[in-house]
Amino acid sequence: METVWEWFRWLDKTHGIDLSVFYDTGDRHRFLMGFLTTILLSLTCLMSSLAIGFIGAWAQQSQWRWARLAVGAFIQFFRNTPPLVQLYFFYFAIGGMLPKFADASGMASPLFGSFFWAAVSLSLFGGAFNIEIFRAGIEAVPRATIEAAESLGFSKGQIFRLVAFPLALRFSLRALNNNMVNLVKTTSLAYAIGVPELLYVSAQIWSDQLNTREMMTLLLFSYVGLVGAMVWGMHRLERALRMPGYGQ
Amino acid sequence: MTWTADQPIVKIFDVHKSFGKTEVLKGVSMDVAAGEVVCIIGPSGSGKSTLLRCINALAVIDQGSVQVEGQEVHDPDLDQLALRRKVGMVFQQYNLFPHKTALQNVMMAPLHVLGEKRGDVEARARELMRKVRLAGKENHYPGELSGGQQQRVAIARSLAMRPDIMLFDEVTAALDPETVKEVLVTIRDLALEGMTCILVTHEMGFAREVADHVYFTDHGVIVEHGPPEILFSQPQDPRTKEFLSHVL
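Residues numbered from 1 in each chain as written. Chains lettered and ligands numbered in written order. Predicted model: local features only at pLDDT ≥ 70, side-chain atom pairs only at ≥ 80, totals over all residues. Heavy atoms only, no water.

We now examine the interface of chain B and chain A. On the chain A side, the residues contacting the 24 residues of chain B number 21 residues. Here chain B and chain A share an interface that buries about 2,000 Å² over both sides, 67% of which is from carbon and sulfur atoms. Applying the counting rule to chain B against chain A returns one salt bridge. A salt bridge links Arg53 of chain B to Glu147 of chain A; its shortest N-O distance comes to 2.5 Å. Scanning the region where chain B abuts chain A turns up four residue pairs in polar contact (both at pLDDT 80 or more). Taken together, the elements giving at least two residues each to the side of chain B that touches chain A come down to α2 (80-86), β6 (87-90), α3 (102-112) and α5 (147-159) of chain B. (Contact = heavy atoms within 4.5 Å. Buried area = accessible area lost by both parts, 1.4 Å probe. Salt bridge = Lys/Arg side-chain N within 4 Å of Asp/Glu carboxyl O. Polar contact = N/O pair within 3.5 Å; in protein donor to acceptor, adjacent residues only side chain to side chain. Helix = DSSP H or I, 4+ residues; strand = E, 2+ residues; numbered from the N terminus.)

Structure representation (structure tokens):
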């Protein structure tokens with residue numbers, strides 16, 4: 001490994017291509033931590049946005065008018081405002097209103113940090129789209145298929161669990177993949193409220209090393225790798241859930 | 001009042017049903033004895049399918065009474081799931097679960113609705129697949145089967161619940177002429193075994209061959225009914241004559 005790092009040092013010395021994250025231990029650590037933060041933030045947002053989408057789509061089918069109205073308002077609010085503005089809103093407007101606590105060193109520190117607010121804000125943003133995606137999936141399940149299940153004596157809960165949901169999930173998968181990819185890319189906005197994710201640490205490194213061009217390129221390829229791995233996983237899931245011959 | 005096998009297994013009396021302002025059933029009465037095969041024929045839009053769907057409560061009647069084995073189907077206190085376990089239904093569009101294999105389609109309801117053991121259910125499902133002449137197709141998905149094969153899976157799926165009564169709603173209407181026969185043969189076998197069958201059908205030859213009793217409906221009323229040899233050869237009502245002259 002050491003020879004690889006040394007090669008990057010040589011690349012910098014002889015050709016002026018400065019990829020300090022490979023030969024400088026401190027930069028390497030910073031970059032890796034940034035990458036991990038991006039992954040952690042992405043996973044948190046993916047999971048909670050799926051949960052929000054699921055619960056929202058369910059509430060939208062509800063008998064209660066107020067539940068449907070609330071979900072509708074939620075979607076309008078989060079779909080029709082820029083995610084950066086939402087981040088600022090949560091971090092500064094909501095976070096700023098909450099009480100502060102004295103930490104170990106006696107400094108006043110906020111109840112929730114920037115990572116928390118980024119996770120909340122981006123989950124709600126992604127979740128709003130997921131609700132619509134799941135709703136479209138549920139509406140695509142043929143009424144006749146549900147009737148067949150009813151006539152076999154399945155209860156409402158069983159119909160949802162065994163027939164409607166598995167079909168709706170399959171119908172939603174394509175659109176869901178797009179939204180999930182978008183959500184992972186949108187985590188880079190967390191930079192704006194100081195979450196030490198990939199873009200944030202890269203900016204720190206290029207400020208220190210003045211290697212903006214190299215870091216920009218590395219950053220771009222890091223996202224290509226990250227999103228590529230995710231898309232690969234999603235396609236495997238799509239294949240696993242395939243319904244042979246359906247719709248042909 | 002307890003029901004005994006010498007009383008009609010299905011007793012329909014003065015049933016009225018409207019969709020919005022259109023009255024589709026205008027006082028229909030019909031008795032079906034256990035083991036009997038009854039065909040309902042008539043022009044489209046005459047309320048045949050709706051009548052069938054009233055028997056397993058897929059459609060709710062506005063007035064009158066439908067009794068299955070002495071139990072009032074539209075009694076709010078009735079255990080609707082229990083009713084549907086007794087009454088199997090096969091649809092024009094098969095309505096199989098596209099994300100499950102043929103065998104899984106047949107096994108689902110006994111497993112989840114009746115809570116039977118997997119081993120028993122699987123043995124019975126394989127036996128039923130043989131019975132509908134689909135041995136070897138167990139692991140095919142519905143999308144990989146022809147219409148006639150899908151329809152026979154749907155029949156097996158219904159039979160797996162060991163119903164007392166089978167309802168067939170224009171089950172050959174979506175099939176190619178050459179596959180119609182394979183489905184009709186399956187139904188005829190069932191009828192010969194003594195299953196109570198109520199069919200809505202356009203297959204006059206089939207009705208004539210297997211039915212014990214034929215009902216001719218038009219504009220929401222039963223115009224005429226009787227044994228097929230009489231109804232088909234000596235229709236009394238001008239509407240029956242007119243209809244039969246078009247289809248025979």
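Don't stop here, the text continues.
Next up on the list: the layout of surface pockets. Roughly 810 Å³ of volume is contained in the largest pocket. In terms of lining residues, the largest pocket is bounded by 24 residues, among which Trp58, Gln61, Gln63, Lys156 and Phe160 of chain A are the most central. Elements represented by at least two residues in the lining of the largest pocket include exactly α3 (25-60), α4 (65-79), α6 (114-139), α7 (143-151) and α8 (156-186) of chain A together with α2 of chain B. Broken down by element, the lining of the largest pocket gets its largest block of residues, four residues, from α8 of chain A. (1 Å grid on protein atoms, 1.4 Å probe; cavity = no way out; pocket = protein on both sides within 12 Å on 5 of 7 lines; lining within 4 Å. Points joined across faces, edges and corners; volume = space filled by probe spheres on them.)

Tallied over the full model, the rule gives 23 aromatic pairs over all chains. Ring centres 4.0 Å apart and planes at 15 degrees place the aromatic pair Phe112 of chain A and Phe116 of chain A in the stacked group. Assessed through its relative accessible area of 31%, Phe112 of chain A is described here as partly exposed. A relative accessible area of 33% means that Phe116 of chain A is categorised as partly exposed. Ring geometry for Phe116 of chain A and Trp117 of chain A: centres 5.1 Å apart, planes at 80 degrees, overall edge-to-face. The buried category is assigned to Trp117 of chain A, whose relative accessible area is 6%. Aromatic ring contacts, followed pair by pair, group Phe74, Phe77, Phe78, Phe89, Phe90, Phe112, Phe116 and Trp117 of chain A into a single cluster. Residue placement shows Arg28 of chain A over the ring face of Trp5 of chain A; its charged tip is 4.0 Å from the ring centre. Sitting above the plane of the Phe97 of chain B ring, Arg157 of chain B keeps its charged end 4.6 Å from the centroid. (Phe/Tyr/Trp six-rings, centres within 6.5 Å; stacked < 30°, edge-to-face > 60°. Buried < 20%, exposed > 50% of the residue type's maximum accessible area, 1.4 Å probe, protein only. Lys NZ or Arg CZ within 6 Å of the ring centre and 35° of its normal.)

All names here are of chain B. Pairing of strand β1 (residues 10-19) with strand β2 (residues 22-32) involves eight bridges; the strand directions are antiparallel. Pairing of Val10 across the sheet is with Val32, part of β2. Linking β1 to β2, which pair antiparallel, is a turn of two residues; within it Gly20 sits at a positive phi near 60 degrees. (Pairing = 2+ DSSP bridges.)

Right, let's talk about α5 of chain B for a bit. Under the 1.5 Å per step criterion, the end-to-end length of α5 of chain B is 18 Å for 13 residues, consistent within 8% with the ideal 18 Å. Summarising burial for α5 of chain B: twelve of the 13 residues are buried, a large majority. Among the residues making up α5 of chain B, those that are buried are Gly148, Gln149, Gln150, Gln151, Arg152, Val153, Ala154, Ile155, Ala156, Arg157, Ser158 and Leu159 of chain B. Looking at the buried positions of α5 of chain B, the neighbouring elements they touch are α7 of chain A together with β6, α3, α4 (118-131), β7 (165-169) and α6 (177-192) of chain B. (Expected span 1.5 Å × (residues − 1).)

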